[in-house]
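The residues making up each chain are set out below.
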Amino acid sequence: MMTTKENILSPIGKEGVGPNEFGYYGTFGGAFIPEMLYPNVDQLKTRYLEIMSEASFQKEFRDLLKDYVGRPTPLFFAERLSKQFNTQIFLKREDLCHTGAHKINNTVGQILLAQRLGKKRIIAETGAGQHGVATATVCALKGMECVVYMGEVDIERQAPNVARMKMLGATVVPAKSGSRTLKDATNEAIRAWINEPVDTHYIIGSVVGPHPYPDMVARFQSVISEEMRWQLKEKTGSELPTHVIACVGGGSNAAGAFYHYINEPSVKLVAVEAAGFGVNSGMSAATTQLGRAGILHGSKSLVMQTEDGQVVEPHSISAGLDYPGIGPMHAHLYESGRGTFLNVTDEDALQAAFDLAKLEGIIPALESAHAFSALKQMTLNEKDKVVICLSGRGDKDLATYMKAMRV
Amino acid sequence: MTRIEKLFSEKKQQKVLNVYCTAGFPKLDSTLEVMKSLQANGADLIELGMPYSDPLADGEVIQQSGAVALQNGMTIAILFEQLKEMRSIINIPVILMGYMNPVLQYGFENFCAKAAEVGVDGLILPDLPMYEYESEYGQIIKKYGLNLIFLVTPETKEERIRRIDDLSTGFLYAVSSSSTTGSNKDISEQEPYFKKLHDMNLKNPILVGFGIKDKQTFEAACKYTNGAIIGTAYIKALGNGKDVQMATKEFLEKIV
Ligand SMILES: Cc1ncc(COP(=O)(O)O)c(C=O)c1O
């Protein structure tokens, strides 16, 4: 499909990229949920595509993306970075979205959906706090009550985002179980939904969770690659790059950046996971390297777990990648070989953040810094056209950057 | 006929008391002692929970008991080892309750085979949805002669309740209110829901669970149903550090 700027009411997402009707991408996906969640998830499953294709929904979604989020986000040719790697590197500037990351593409979509489902109250989980802020933001915009679950560890390491959520009127509830990070925040949000199912919509922040969440979130984020296509065409004469690189926590910015290229076999899709202290250090979040097929948060995917099927506590310096699973779509990209999965350590991600700041005048989120460091592991030449999804900006990570003492 | 089916056919007029306990809690080797005490003090049925790191449907108390059990080293393999001689001392029905992931890692068919071998009668797998049951897992469960108990909630539509009743064997688990385990929502307010289930004349007996904590809530839950399930309140009683037998006796005395 040709995607143009004028093509404002193009469908959100498209056929042939999503899962089958039961939510499966290959052998991954599904909806492994307790009966208490069935009515909500079933309602979503039955109605999401119909609601998303309504002209009034599309118009409101597109208008908000344009006037509120600030889309289209620029595609920036990074000249000095390109020179360093002897190739052509373009940055998809999701860091310039309102609230500072791609997360808001999804929350705008889901809040409009929640309104049309007659929901009164929103809950969400958050890791880095970017999804929490993006959710609190759209709740303020629409006058809805908002409760965000966040691991105690993350509340500490992402303090500025906690303050932002509070200022936006959200209640932030600390998740105190397990590793007290994103996985546990997600558990708490799901439990909260079980306890208040009727008027509440749960805005999941990544392409994880039971069907239809992975597909729904991927469709809302697909605007990223929809824009990349016409922007690249304007800049290079072709809609197709040779590589798209994105970091993967749950995988929503990667899903959005890959989406309209999944059926273009010439485009290499590079997903970058967080290796933490190193894949084999016991302190890592590189799910495809360390995980096996299992069920987490309502879908079958690759999951980091013990031999006995207990989910293990991951580690990443970046709260948004500190998750022991990946979305089922990515598990399928990995298993089918369509996606290339690399991983980057805490140390290397930090270095890449400092390099990008000095080279291009852009301070990236720690999550996005992982995608930049992957360049060092790739063989590229001057003819290649590489798009990196710069998923978010680094304001929230300044405390970590200052501790790293390279400034 | 499983022991569960026999129990309900024999106890037509009486109310059935099902008590939940967590395998490997409070100590790794408490499992059988807890089960023995439950049987000795009037439980009709035991729901034995297999601990999991991410129990989505459970409130804090049962989560905590699972965390302790995992800390104690409990695994499905160890549990089956502990249950090897179960049937020489336990004659009431036993149900294993657990989340899908550890069961899948053990191997679903292996798990069912082992469960049947040690004398388990049924399974409750709250995150096994109907679709997956029908397309893949149901036939394995049936092959080993185990009952599979599905859940219904106050939000479950009548037509779906009938489908779930069709697939369920042993009994139907009626979750008392929309909540995780151990909720404080008022049971007495749910009478119309229990009555509706009763009046639907379902194929399976109905046991009510979630939020049943004492004689009063037990009786409220049983008025229109075949019995009730106590979990959180018993785990709390066990967790107070008392001797298992004493704690169980004191707890069940007030209910049966
Ligand atoms: C800037 C940024 N990038 C990436 C992520 C990781 O999420 P996902 O993998 O869903 O894109 C996060 C999550 O918090 C984030 O804030």
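This is a predicted model, so every value here is computed, not measured.

All names here are of chain A. Looking at the ligand, there are 19 residues lining it, with Ser 206, Gly 249, Gly 251, Ser 252 and Ser 391 nearest. Interatomic distance of 2.7 Å between a backbone N/O atom of Gly 249 and an oxygen atom of the ligand. A distance of 3.3 Å is found between an oxygen atom of the ligand and a backbone nitrogen or oxygen belonging to Gly 250. When the ligand sits alone it has 390 Å² of accessible area, and the protein chains cover 98% of it.

Turning to the sheet that holds strand E10 (residues 268-276) of chain A, a few remarks are in order. Residues and elements named next belong to chain A. If you trace the six strands from one edge of the open sheet to the other, you get E3-E4-E14-E9-E10-E13, paired in mixed fashion. Unpaired on one side and paired on the other, strand E3 (75-77) and strand E13 (339-345) mark the two borders of the sheet. Strand-to-strand twist across the sheet, computed as the mean angle between neighbouring axes with direction ignored, equals 25 degrees. On top of the sheet, helix H10 (residues 223-236) reaches E3, strand E4 (88-93), strand E9 (243-247) and strand E14 (385-390); it is set at about 140 degrees to E4, its chief contact.

Let's shift gears to the domain arrangement of chain A. Residue and element names in this part refer to chain A. Domain boundaries assigned for chain A yield domain 1 (25-68 + 103-217) and domain 2 (71-100 + 222-405). Taking only C-alpha atoms into account, the centre of domain 1 sits 22 Å from that of domain 2. Opposite the 44 residues of domain 1 that make contact, domain 2 presents 42 residues. Between domain 1 and domain 2, roughly 3,400 Å² of surface is buried when both sides are summed, and carbon and sulfur atoms account for 60% of that area. Three residues stand out in domain 1 for area buried against domain 2, namely Phe 28, Arg 157 and Lys 183, and they jointly supply 20% of the buried area on that side. At the boundary of domain 1 with domain 2, the tally comes to two salt bridges.

Right, let's talk about the pattern of salt bridges for a bit. This model, assessed by the stated rule, comprises 36 salt bridges over all chains. One salt bridge in this structure joins Arg 160 of chain B and Glu 35 of chain A, with 2.7 Å as the shortest N-O distance. Taken together, the residues span two chains, with Arg 160 of chain B in helix H8 (residues 158-167) and Glu 35 of chain A in the loop between strand E2 (28-29) and helix H1 (38-53). Classification of Glu 35 of chain A as buried rests on a relative accessible area of 9%. Linking Arg 71 of chain A and Glu 94 of chain A is a salt bridge whose minimum nitrogen-to-oxygen distance equals 2.7 Å. Residue Arg 71 of chain A is found in the loop between helix H2 (55-69) and E3, and its partner Glu 94 of chain A is found in the loop between E4 and helix H4 (103-116); the two are separated by 23 residues along the sequence. The burial state of Arg 71 of chain A is the same as that of Glu 94 of chain A; both residues are buried.

Attention now goes to the interface of chain A and chain B. Contact with chain A, which involves 34 residues of that partner, is made by 35 residues of chain B. Interface area lost by chain A to chain B is led by Glu 35, Met 36 and Arg 191 of chain A, which between them contribute 23%. The interface formed by chain A and chain B holds two salt bridges in total. Viewed at the interface, chain B and chain A are joined by 19 residue pairs in polar contact (both at pLDDT 80 or more).

Rules and cut-offs
- Sequence order as written defines the numbering, with residues in each chain counted from 1.
- Each chain takes a letter, starting from A, and each ligand takes a number, starting from 1, following the order in which they are written.
- In keeping with the predicted nature of the model, local features appear solely for residues at pLDDT of at least 70, side-chain atom pairs appear and are counted solely at 80 or more, and the whole-chain, interface and lining totals rest on all residues.
- To obtain the side-chain values, all non-hydrogen atoms of the structure were included, while hydrogens and water were left out.
- Neighbouring residues are identified by heavy atoms, a residue being near a molecule or strand if any of them is within 4 Å of it.
- Distance and chemistry together define a polar contact, namely a pair of N or O atoms within 3.5 Å, with one atom able to donate a hydrogen and the other to accept it when in protein, and with adjacent residues in sequence counting only for side-chain atoms on both sides.
- To measure how exposed things are, a 1.4 Å probe is used in the Shrake-Rupley method; for residues, cover is taken only from the protein chains shown.
- Only strands joined by at least two bridges in the DSSP assignment are considered to pair.
- Only DSSP runs of H or I with at least four residues qualify as helices, and only runs of E with at least two residues qualify as strands; both kinds are numbered from the N terminus onward.
- In this description, a line fitted to the C-alpha atoms serves as the axis of each element, helices being fitted only across the stretch in contact, and the angle between N-to-C directions of two axes falls anywhere from 0 to 180 degrees.
- We call two residues in contact when some of their heavy atoms are within 4.5 Å.
- How far each domain reaches was decided by an automatic or database domain assignment.
- Two parts lose some accessible area (1.4 Å probe) when they are put together, and adding that loss for both gives the buried area.
- Whenever a carboxyl oxygen of Asp or Glu lies within 4 Å of a side-chain nitrogen of Lys or Arg, that contact is scored as a salt bridge.
- Three exposure classes are used, based on accessible area relative to the maximum for each residue type with a 1.4 Å probe and protein chains only: buried under 20%, partly exposed in between, and exposed over 50%.

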